[in-house]
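Close look at the chain arrangement
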Amino acid sequence: MGAPRYRCDGCGNLTRFDVTTTRRTTAFHHYTVGGELRVEEETVLSHHVDAVSCRWCGHGRSVVELAESEAGRSDVGGPGEQEHQEPGAASRVT
Ligand SMILES: [Zn+2]
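Structural notes, computed from the coordinates.

A few words on the overall build of the protein chain. Secondary structure summary: the protein chain contains one helix and four strands in total. The order of helices and strands in the protein chain, counted from the N terminus, is β-β-β-β-α. Counting only residues that meet the buried cut, the protein chain has 4% of its 94 residues in that class. A sequence separation of at least 24 residues applies to 62% of the contacts in the protein chain between residues at least 6 apart.

What follows is the structure in structure tokens.
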């Protein structure tokens, strides 16, 4: 969440974009003794959208960013804001 929405005025596309972003993150790289890596506690230090191009038009000249007021502002920036949801976790027993 917190990602902006886009719209291509050229073709009306709302759902297919190639988004080029620059992300600086810091993360805890947790290796097993076998050398297997698990990346944990990833924190986004900075996030910048470099380019957005419409998948159908092949360019981003008609792409506009939708006003965030509709989607409701939700700034990512609080500590502990991580995506660690495990779908299918057996939390409910009937
Ligand atoms: Zn388009």
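Once that is clear, we can look at the pairing of strand 3 (residues 37–54). Counting buried residues in strand 3 gives one out of 18 residues, a small share hidden from the surface. Judged from the 14 bridges that link them, strand 2 (residues 17–31) and strand 3 form a sheet pairing that is antiparallel. Counted as the bridge partner of Arg23 is His47 from strand 3.

Further remarks concern the pairing of strand 2. Within strand 2, only zero of the 15 residues are buried, which leaves the element largely exposed. Hairpin connection of strand 2 to strand 3: five residues between the antiparallel strands, including Gly35 at a positive phi of 90°.

At Glu41, a residue that is not glycine, the phi angle is positive and equals roughly 50°. Secondary-structure assignment places Glu41 in strand 3.

This paragraph deals with the environment of Ala3. Position of Ala3 among the secondary structure elements: in the segment before strand 1 (6–8). On a C-alpha basis, the gap between Ala3 and Val49 in space is 10.0 Å, while along the polypeptide they are 46 residues apart.

Here is what the cut-offs are and how they apply
Residues numbered from 1 in each chain as written. Predicted model: local features only at pLDDT ≥ 70, side-chain atom pairs only at ≥ 80, totals over all residues. Helix = DSSP H or I, 4+ residues; strand = E, 2+ residues; numbered from the N terminus. Buried ≥ 20, exposed ≤ 12 C-beta atoms within 10 Å, placed from the backbone. Contact = placed C-beta atoms within 7 Å. Pairing = 2+ DSSP bridges.

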